[in-house]
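Given next are the chains, with one letter for each unit.
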Amino acid sequence: MPRLRLAGPLLVLALAACQTTAPRAPGVPRPTVVVEEAEAWRGIASPRDAAILDSLGARWGQALAAARSAGFSRRIAAEGALLDPAVRLPRAAPAPGTYRCRSIRLAARKWTVSPQGFCYVGVEAGQLTVASELRGLRFGGYAWELKGGERLVFLGAAVAPGRKTAGAYGDDPARDSAGTVERIGDFRYRIALPEPAPVSGLTIVELVAAPAA
């Protein structure tokens, strides 16, 4: 499992800007300044990946529209919740264990489905880890739960050819991977991995908990 290279603490505080205020009239309460805690992943993600994740909703919609116009409407409908961005259930964090996985990639008006393989969820130093051993889509990284518990942000890296494990996120931007993790059913999850321009593709990885041996 890759190491994250951190330049500072995981939690970054958003500081309120200093400004001059007019004198308060007697009896008027002092205004309350709320200092919110920034999402931890934003202190780690590159500007490129942060922008990709912030625009994921639009990218997802564009990918589905392109797939439908290419004649894949029935395939999209057959996948049900897996490809529907509106489906997002509480308690998004998958439990540690082994998962059966497959991926669907929508890019350049093409529909590509991977053979079934395995993904693994674990915990390292208190942080959730996610790794994929799918053919052609091997990666590993860490996931952070967002406020509300309906999504997690995944930051990781692809496994280089000839290597057994992924490198650290940020070591090689060309291999960096960023996405979201969501629960879409009982013991069923997905990882949405948007691709940076000029590809502008979208890969959805389905994870279904494998029964204990």
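The coordinates are above.
The residue count restarts for each chain, going from 1 along the sequence in the order it is written. Per-residue local features are limited, in this predicted model, to residues with pLDDT of at least 70; the limit for side-chain atom pairs, both in listing and counting, is 80 or more; totals at the level of whole chains, interfaces and linings are taken over all residues. Note that water and hydrogens are dropped before the side-chain values are worked out from all heavy atoms of the structure.

1. Details of the nonpolar core
Thought 1: Buried Ala, Val, Leu, Ile, Met, Phe, Trp, Tyr and Cys residues form a nonpolar core when they are joined through side-chain atoms within 4.5 Å. Classification of residues uses two cut-offs on accessible area relative to the type maximum, computed with a 1.4 Å probe and protein chains only: under 20% is buried, over 50% is exposed, and between them is partly exposed. By size, the foremost hydrophobic cluster in this structure holds 18 residues, and its most contacted members are Tyr-99, Cys-101, Ile-191, Val-205 and Leu-207.
Thought 2: Segments assigned H or I by DSSP are reported as helices when at least four residues long, segments assigned E as strands when at least two residues long, and all are numbered from the N terminus. Secondary-structure elements contributing two or more residues to this core are β1 (97-107), β3 (117-124), β4 (127-134), β5 (137-145), β6 (152-158), β8 (188-194) and β9 (202-209).
Thought 3: We call two residues contacting when some pair of their heavy atoms lies within 4.5 Å. Once you skip the residues sitting within four places of it in the chain, Leu-207 turns out to touch Tyr-99, Arg-100, Cys-101, Cys-119, Phe-187, Arg-188, Tyr-189, Arg-190 and Ile-191.
Thought 4: Phe-72, Ile-76, Ile-104 and Leu-202 belong to the second largest nonpolar core, which has 17 residues in total.

2. Let's talk about the side chain of Glu-195
Thought 1: With respect to the element layout, Glu-195 can be found in the loop between β8 and β9.
Thought 2: Within polar-contact distance, the side chain of Glu-195 engages the side chain of Arg-105 at 2.7 Å.
Thought 3: The residues contacting Glu-195, other than those within four sequence positions of it, are Arg-59, Arg-105, Ser-200, Gly-201, Leu-202 and Thr-203. Here a polar contact is taken to be a pair of N or O atoms separated by no more than 3.5 Å, where protein atoms must pair a possible hydrogen donor with a possible acceptor and residues adjacent in sequence count only if both atoms sit in side chains.

3. A closer look at helix α1 (residues 47-54)
Thought 1: The set of residues buried in α1 consists of Asp-49, Ala-50, Ile-52 and Leu-53. The arc that holds the buried residues of α1, viewed along the axis, is 160 degrees, so those residues lie on one side. Along α1, the residues that are exposed and aim more than 90 degrees away from the buried face are Pro-47 and Asp-54. Within this analysis, the arc is defined by the directions that extend from the helix axis to the C-beta atoms.

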